[in-house]
Amino acid sequence: MSLFEDLIEQGRMFRDVHLGSLTTYKLGGPARFYFEIRSEDDLGMLADALRNEPQPVLVVGRGSNLVISDRGWPGLAIRFGFEFTAIGIGPESLVTAGAATTLPRLARETANRGRGGLEFYVGIPGSVGGAIRTNAGGHGSETADWLHSARVFDLEKARFSTLGVEELNFSYRSSSIRSTDLVVSAEYRTEPVEVAQAQETLREITRWRRVHQPGGTLNAGSVFRNPEGDSAGRLIDDLGLKGLRIGGAAVSMKHANFFEADPEATAQDVHDLVAEVRRRVHEEAGVELIPEIQFAGSFE
């Protein structure tokens with residue numbers, strides 16, 4: 001019996017789990033294998049299983065910038081469980097958070113304790129692990145500005161390491177974190193702030209999102225990275241592409257860098273809409289837009 005089969009027998013790993021419900025688009029097919037990490041001991045167990053039966057690995061996280069293929073994911077999908085949502089606020093300036101901690105919660109808890117710097121996270125519907133992998137940011141700040149270090153588990157070498165900002169090679173919406181590198185926890189720098197001031201900053205960001213971004217719809221946030229010195233939303237809007245539709249997916253009428261999905265949409269619809277908008281912007285504006293959202297699995 002393989003280690004994968006053994007984990008399935010134990011009820012720890014599952015076959016053919018539909019991943020759509022774990023993403024903000026609610027689209028996509030099943031993963032061949034699905035595993036939820038409950039403790040750090042699970043990481044070594046996963047590394048052993050993958051060494052004996054190699055599989056492509058997908059870390060799902062909060063699924064806020066992820067589109068799963070309608071055909072599903074052909075390998076192992078991993079998600080960190082509730083056990084990795086702890087936030088530690090000590091007497092000094094450093095704050096620790098588990099990989100599955102949601103960014104809005106981290107922003108609010110630190111602000112309410114008079115720790116400033118992470119307020120921008122209140123507007124990002126992701127998790128700490130995803131924020132480090134993508135150097136998530138907004139409202140003039142990004143993860144690299146405040147991260148002190150990240151604890152990472154390498155599935156290929158089955159070992160932990162603590163990486164500083166320089167080792168993570170942060171750039172705009174990217175880092176050196178690979179698909180087989182699992183961010184387990186993070187340590188952030190903060191600075192003293194008046195609680196009332198921090199809470200007002202949270203409210204301002206929340207109000208801005210409500211005014212400028214579509215709420216209550218199926219979307220994955222910003223579709224494209226902003227080109228240097230410009231805005232992807234402006235480029236798309238200037239070409240009159242708001243409302244452009246392919247199948248059940250359409251460019252938002254409220255913000256052109258948000259693509260919304262109808263309940264009957266497919267992942268392929270979203271993929272095709274991204275490709276079409278990217279093609280038109282390149283042909284008509286001469287700018288090559290780079291997707292910020294991740295497509296996982298096979299698409300036509």
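Placed above this text is the structure.
A few points on the structure. (Residues numbered from 1 in each chain as written. Predicted model: local features only at pLDDT ≥ 70, side-chain atom pairs only at ≥ 80, totals over all residues. Heavy atoms only, no water.)

## A short note on the sheet that holds strand β3 (residues 57-59)
Item 1. Strand order in the open sheet formed by four strands is β1-β2-β5-β3, with mixed pairing between adjacent strands. Either end of the sheet is taken by a strand with one partner, and the two such strands are β1 (13-18) and β3. Within the sheet, the average angular offset between the axes of one strand and its neighbour, ignoring direction, is 35°.
Item 2. For strand β2 (residues 30-37) and strand β5 (residues 73-80), the ladder comprises six bridges, and the chain directions are parallel. Bridging across to β5, Phe 35 finds its partner in Ile 78.
Item 3. Lying on the sheet, helix α2 (residues 41-52) is in contact with β1, β2, β3 and β5; it crosses β2 at an angle near 150°. (Pairing = 2+ DSSP bridges. Helix = DSSP H or I, 4+ residues; strand = E, 2+ residues; numbered from the N terminus. Axes fitted to C-alpha atoms, helices over the stretch in contact; angles between N-to-C directions. Contact = heavy atoms within 4.5 Å.)

## A look at the packing of aromatic side chains
Aromatic ring pairs are described here by two measures, namely the spacing of the ring centres and the angle between the planes.
Item 1. Enumeration according to the criterion identifies seven aromatic pairs in this entry.
Item 2. When the centroid spacing of 4.9 Å and the interplanar angle of 70° are considered together, the rings of Phe 80 and Phe 84 count as edge-to-face. In this structure, Phe 80 and Phe 84 share a single accessibility class: buried.
Item 3. Each ring, one from Phe 120 and one from Tyr 121, has its centre 4.5 Å from the other, and the planes form 40°; the classification is tilted. (Phe/Tyr/Trp six-rings, centres within 6.5 Å; stacked < 30°, edge-to-face > 60°. Buried < 20%, exposed > 50% of the residue type's maximum accessible area, 1.4 Å probe, protein only.)

## Things to note about the nonpolar core
Item 1. Within the largest apolar cluster, 33 residues are counted, with the highest numbers of intra-cluster contacts made by Leu 106, Tyr 121, Val 128, Ile 132, Leu 147, Leu 168 and Tyr 188.
Item 2. At the level of elements, β6 (87-89), β7 (94-98), α3 (103-112), α4 (128-134), α5 (143-146), β11 (147-154), β13 (181-189) and α6 (195-212) are the ones that each hand at least two residues to this core.
Item 3. At four residues, α3 tops the list of elements feeding residues into this core.
Item 4. Every residue in contact with Ile 132, bar those within four places of it in the chain, is listed here: Thr 143, Leu 147, Ala 150, Leu 168, Phe 170, Ser 175, Val 183, Ala 186 and Tyr 188.
Item 5. Counting residues in each nonpolar core, the second largest holds 26 residues, with Phe 259, Ala 267, Val 281 and Ile 293 among its members. (Core = buried A, V, L, I, M, F, W, Y, C linked by side-chain atoms within 4.5 Å.)

## Details of the pairing of β5
Item 1. The element β5 is extensively covered by neighbouring structure, given that seven of its eight residues are classed as buried.
Item 2. Pairing of β3 with β5 involves three bridges; the strand directions are parallel. Bridge pairing in β5 links Leu 58 to Ala 77.

## A look at the side chain of Glu 276
Item 1. Residue placement: Glu 276 occurs in helix α8 (residues 267-285).
Item 2. Within the structure, Glu 276 has its side chain in polar contact with the side chain of Arg 279 (distance 2.6 Å).
Item 3. Every residue in contact with Glu 276, bar those within four places of it in the chain, is listed here: Leu 244 and Ile 246. (Polar contact = N/O pair within 3.5 Å; in protein donor to acceptor, adjacent residues only side chain to side chain.)

## Here we look at the sheet that holds β7
Item 1. The five strands lie next to each other as β6-β7-β13-β11-β12, forming an open sheet whose pairing is antiparallel. In this open sheet, the two edge strands, each paired with only one partner strand, are β6 and β12 (159-164). When strand polarity is set aside, the average angle formed by the axes of neighbouring strands in this sheet is 20°.
Item 2. Pairing of β7 with β13, which is carried by five bridges, proceeds in the antiparallel orientation. Across the sheet, the residue bridging to Ala 97 is Ala 186, located in β13.
Item 3. Lying on the sheet, α2 is in contact with β11, β12 and β13; it crosses β11 at an angle near 45°.
Item 4. Relative to the sheet, α3 contacts β6, β7 and β13, its axis offset from that of β6 by approximately 20°.

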